[in-house]
Structures are given as structure tokens and as C-alpha cells.
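One letter stands for each residue in the lines below.
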Amino acid sequence: MKSVWILVCGCVLLAACSGGGNIFSKKQSATAILAPTKGNSVSGTVNFTQKGDVVVVEAKVSGLKPEGTNGIHVHEKGNCTAADASSAGGHFNPYSSQHGGATGEVRHAGDLGNLKADANGNAQMSIEVSGISLGAGPNSIAGRSVIVHAGMDDLKTQPAGNSGARV
């Protein structure tokens, strides 16, 4: 099963929200749309909404292995053209931190944890993540990719949580 997530964020949205003062005073959002690679049927969306200094991440994914668990991460590049999605680079990690869970103190900025599929291969996730933003700056996820991995992220093994291939 192969899938690639691409984070799409409109320039108009960011430009409209960057005019002076607190960049978080207006609601900023972005959506990653699942773009399946050859032979894959996984589809879905991941919505990101800036809420103060956290980002609310809401994912709805279908076509996963029934009852499976898959790591999900923001990766450093918005390029998913390679067949194995290696063109997306590593986990987004602007502060050179160790890998961890989405809510841990020590973690890559792109660590989002795991998706847990139901008996039909559908997964939903809603979490609040600190350390990332949709605005400008080194922790901005705008224009980056979102990758679902073949296996469960153990939230500790370096550098990628032992979550397997990029699917």
C-alpha cells in the first residue's frame, strides 16, 4: 500500500493573514490531500488549523489495512515525486530534536503519532500539536508534505519511529 500526502496551502491565505500585528489573530488553515502513488487506494485529507500557538490536526483516511496502525508525519519537503516518496526528505525537524510522539516534549516538529484504522480500513484523528505553525518562520509547515508510513510509529526509535516504508 503506497500513499503520499502533500500539504497544500494557498499563498493568498497566508498573505491575507500576514499583515502586521499578531500573525495568529486571523484563522489560518491548510489542507493536505492524499495523492495515491501507483497501485495504492489510500485516500483522504488532513486539515491543519492554527489555534493560538497550537495547530489542530484533523485527519480522515480510508483505504488503510483494516485494524492497522500507521505512523503519520509532516516531512521536510513538499516534493513527493519519487516512487518511494524519498523526495519528501526526512521528518520536518527544524530544531534538530530526537524523534518522539506528537505531544511529547522531545519530538520532531513533524511527529504526528499514529493513525488507527477500523475494521473497514478507515481512520480518523484529531490532535492539537505545538511546535509547528501555518505562519512564517522556521517551524512553518506550509508547503511541506505529509507522509503515512507502512507500520506503527513506536514514538521513540531514531530517526523515524521504526514506522517502516513511506506508503
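Residues numbered from 1 in each chain as written. Predicted model: local features only at pLDDT ≥ 70, side-chain atom pairs only at ≥ 80, totals over all residues. Heavy atoms only, no water.

Novice: Looking at this structure, I do not really get the overall build of the protein. What am I missing?
Specialist: Looking only at helices and strands, the protein features 1 helix and 8 strands. Each helix and strand of the protein, ordered N terminal to C terminal, gives the series β-α-β-β-β-β-β-β-β. Looking at the protein as a whole, 45% of its 167 residues are labelled buried. Taking the contacts inside the protein whose residues are at least 6 apart along the sequence as the reference set, 61% of them involve residues at least 24 apart. For the protein, the computed accessible surface area is about 7,900 Å², with 53% contributed by carbon and sulfur atoms. (Helix = DSSP H or I, 4+ residues; strand = E, 2+ residues; numbered from the N terminus. Buried < 20%, exposed > 50% of the residue type's maximum accessible area, 1.4 Å probe, protein only. Contact = heavy atoms within 4.5 Å. Areas by Shrake-Rupley, 256 points an atom, 1.4 Å probe, with all protein chains shown as cover.)

Novice: Would you explain the pattern of salt bridges in this entry?
Specialist: Between side chains of opposite charge, a pair can form as their charged atoms come close. Taken as a whole and judged by the stated rule, the model has 1 salt bridge. As a salt-bridge pair, Glu 128 and Lys 51 come within 3.3 Å of each other at their nearest N and O atoms. With a gap of 77 residues between them, Glu 128 in strand S7 (residues 123–130) and Lys 51 in strand S3 (residues 43–51) connect regions that are remote in the sequence. (Salt bridge = Lys/Arg side-chain N within 4 Å of Asp/Glu carboxyl O.)

Novice: What exactly am I supposed to notice about unusual backbone geometry here?
Specialist: Residues apart from glycine generally show negative phi values, whereas peptide bonds are mostly found in trans. The omega angle of the peptide bond from Gln 158 to Pro 159 is 0 degrees, so this bond is cis rather than trans. Relative to the assigned elements, Pro 159 resides in the segment after strand S8 (145–148). Residue Ser 96 is not a glycine yet carries a positive backbone phi of 55 degrees. Checked against the element boundaries, Ser 96 lands in the loop between strand S5 (69–75) and strand S6 (111–116). The class for Ser 96 is exposed, based on a relative accessible area of 64%.

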